[in-house]
Amino acid sequence: MSVLTLTPGAVDLDLLEQIYRGSPLIQIDRDARPAIDAAAKRIAAAAEGEEPIYGVNTGFGKLASIKIAPADTFQLQRNLILSHCCGVGEPLNESITRLMMALKLISLGRGASGVRFEVLMLIEDCLAHAVTPVIPDQGSVGASGDLAPLAHMSAVLMGEGEAWFQGERMSGGEALHRAGLNPVTLGPKEGLGLINGTQFSTACALAGLFDAWRLAEATLLTASLSTDAIMGSTAPLRPEIHALRGHLGQIDVASGMRALMAGSTIRESHREGDSRVQDPYCIRCHPQVAGACLDLLRMAAYTLEVEANAATDNPLVAACGRILSGGNFHAEPVAFAADQIALAIAELGAIAQRRVALMVDPALSFDLPPFLADDPGLNSGFMIAEVSTAALMSENKHLANPCSTDSTPTSANQEDHVSMAAHGARRLGRMNANLAQILGIELLCAAKGIEHRAPLKTSAPLQRAIAVLRSKIPPLAEDRFLALDLHQAATMIRDRRLVAAASDAPLLSLKRETHDDV
């Protein structure tokens, strides 16, 4: 198996997505070791000195004024981890946990935290041997770092807490033993360096970003299918329109939809003699709406890539050797990015839901049967599937309300402004699941609408996508138990197989910087 090398300060989104979507072997770039060792040596010396340095030879938070004797340094760090293991809720998804661990490796690898190289090696070994800490997903306010979730991760390194190993949940010590690994005794500042950071929030936000981007790409497919299903116009996709506005996301969406719809005989059949002048906004304005969502996601991606490479604990060891106390653990950038992603997810679902409503309404669908039902009246077709999309759309609108504008003082008012990045990022998983289901229902409705237009055919790319859909879900000829179909359709949206069937190349690129196709 190939090994992914993490070069601290230079890890890009493509590599992070590989970690999230698979279980690759990961190692920190060995060229980072000299800086890591130098910072650890500086912290060890400070722990023996008389000058009080936060977290090295003092208490924490409101207790920072209490000086700790050198003999108690190791107990101080152990107590810190155990006392901070106060997470509650369900275990974090293992893929996101692994990503969080990789992010912690990158951050410590910057050589500013003072954590010894052997601690990084144990994180690396845990990843290699699939020892995955059990991380309760609630309990962080996103400052001073994701303390509780990162404490649960760190506890496993000490042989405490709980971990998953070979499909079993067990004590951290037992998981290390079975994997042939030894727990570490944390030295000066190492406990603080492990839990003072934004890696939980950032991992959740990155997972939300990667999944949202896939779904945004899928909207090009579902919107194109819906446009042909209602015999909509492709004139609003003309490049001249989008060039005159200039937004990259809008340009990209229109370009992708033009490619997907090229050659549709359904489209060609009504260029002349169509009494309709313009389509509803959910058809006509998809490039403007989805394009704005792409722009938001790309802005969030930039922020999260920077954060993924950041040293975010406190204090930090500067290149000059000075130990500096600051606030890089405050996750406000991640909170803002998570809010941006949430807005994009909500709006992609809102406009898709209107297309579903359009297709099931005989007054608006241009001669499609009511609710796309064969023998309507006896059959209800997609009547209640559309209601489900309305429910999911409304739920996502509620969830999209900003988390970053909330704050509450903690730790006896020492930490008096917090980011709320953790649950701001964590909600994105639920929102993406809702969006995937909305798009899955749109897919089923649009495919049925296109089949109703026979013998006219949609474009070759869209025909390929429908063929893949029909290999798993037959057309709705009469009412049947639909829940399994809806679930299967959402899965096909999420795993990208329909987009891959329609286009060999990705329809969109997350990192886009030029107007070269305008």
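Student: In this structure, what is going on with the nonpolar core? I would like to understand it.
Tutor: It is characteristic of soluble globular proteins that their nonpolar side chains tend to be buried jointly. Ranked by internal contacts, the top residues of the largest apolar core, which has 155 residues, are L6, L16, V131, L194, L206, L209 and I341. If you tally residues by element for this core, the top one is helix α9 (residues 199-229), at 18 residues. The residues touching V131, leaving out its near neighbours within four places in the chain, are M101, C126, V156, A163, W164, F165, A175, L176, A179 and L181. One finds A39, A47, I53 and V317 within the second-largest nonpolar core, a separate group that totals eight residues.

Student: Explain α9 here, please?
Tutor: Along an α-helix, residues three or four apart share an orientation, since each turn contains 3.6 residues. With 31 residues, α9 should cover 45 Å at 1.5 Å per step; its first-to-last C-alpha distance of 44 Å lies within 8% of that length. Burial within α9 is extensive, with 30 of its 31 residues counted as buried. Backbone geometry just after α9 places M231 at a positive phi near 55°.

Student: Quick question: what am I supposed to make of the pattern of salt bridges here?
Tutor: Pairs can form between side chains of opposite charge whenever their charged atoms are close. As enumerated under the stated definition, the model contains 25 salt bridges in all. Close ionic contact of E118 with R116 constitutes a salt bridge, the shortest N to O distance being 3.1 Å. Overall, R116 belongs to the partly exposed group, its relative accessible area being 26%. Note that E451 and R470 form a salt bridge whose closest N and O atoms lie 2.7 Å from each other. Of this pair, E451 sits in helix α17 (residues 421-452) while R470 sits in helix α18 (residues 460-470); the two residues are 19 residues apart in sequence, bridging distant segments of the chain. Among the residues examined, E451 registers a relative accessible area of 30% and is labelled partly exposed. Members of the salt-bridge network, linked through shared partners, are E17, R21, D211 and R494.

Student: Help me out: how do you make sense of the packing of helix α1 (residues 13-21) against helix α4 (residues 94-108) in this one?
Tutor: When two helices pack together, their arrangement is given by the angle between the helix axes and the distance between those axes. Running from amino to carboxyl end, α1 crosses α4 at an angle of 140°, the nearest separation of the two axes being 8 Å. With respect to α4, the axis of α1 lies oblique. Taken together, the residues of α4 that come into contact with α1 (itself represented by L16, I19 and Y20) are S95, I96, R98, L99, A102, L103 and I106.

Student: What is the right way to look at the pairing of strand β6 (residues 162-165) in this model?
Tutor: Looking along a regular strand, one sees side chains alternate from face to face of the sheet. Residue alternation in β6 divides its side chains into a buried set, A163 and F165, and an unburied set, E162 and W164. In this sheet, strand β7 (residues 168-171) lies alongside β6 in antiparallel orientation, the contact comprising four bridges. Of the residues in β7, the one forming a bridge with E162 is S171. In sequence, β6 turns back onto β7 through a hairpin of two residues, with Q166 there showing a positive phi of about 50°.

Student: Would you mind going over the state of the cysteines with me for this structure?
Tutor: Overall, the coordinates contain zero disulfides when judged by the stated rule. Among the cysteines around C85, which has no disulfide bond, C86 carries the closest sulfur, lying 7.4 Å off. Overall, C85 belongs to the partly exposed group, its relative accessible area being 24%. Free of any disulfide, C403 has its nearest neighbouring cysteine sulfur in C204, separated by 12 Å.

Student: Could you clarify how one ought to interpret helix α19 (residues 483-494) in this entry?
Tutor: Given a rise of 1.5 Å per residue, twelve residues ought to cover 16 Å, and the 17 Å separating the end C-alpha atoms of α19 matches this to within 8%. Along its buried surface, α19 packs onto α9, α17, α18 and α20 (497-502). Of the residues flanking the end of α19, it is R496, one or two places downstream, whose phi is positive at about 75°.

Thresholds, definitions, all that
- Residues numbered from 1 in each chain as written.
- Predicted model: local features only at pLDDT ≥ 70, side-chain atom pairs only at ≥ 80, totals over all residues.
- Heavy atoms only, no water.
- Core = buried A, V, L, I, M, F, W, Y, C linked by side-chain atoms within 4.5 Å.
- Buried < 20%, exposed > 50% of the residue type's maximum accessible area, 1.4 Å probe, protein only.
- Helix = DSSP H or I, 4+ residues; strand = E, 2+ residues; numbered from the N terminus.
- Contact = heavy atoms within 4.5 Å.
- Expected span 1.5 Å × (residues − 1).
- Salt bridge = Lys/Arg side-chain N within 4 Å of Asp/Glu carboxyl O.
- Axes fitted to C-alpha atoms, helices over the stretch in contact; angles between N-to-C directions.
- Parallel < 35°, antiparallel > 145°, perpendicular 65-115°, else oblique.
- Pairing = 2+ DSSP bridges.
- Disulfide = S-S within 2.5 Å.

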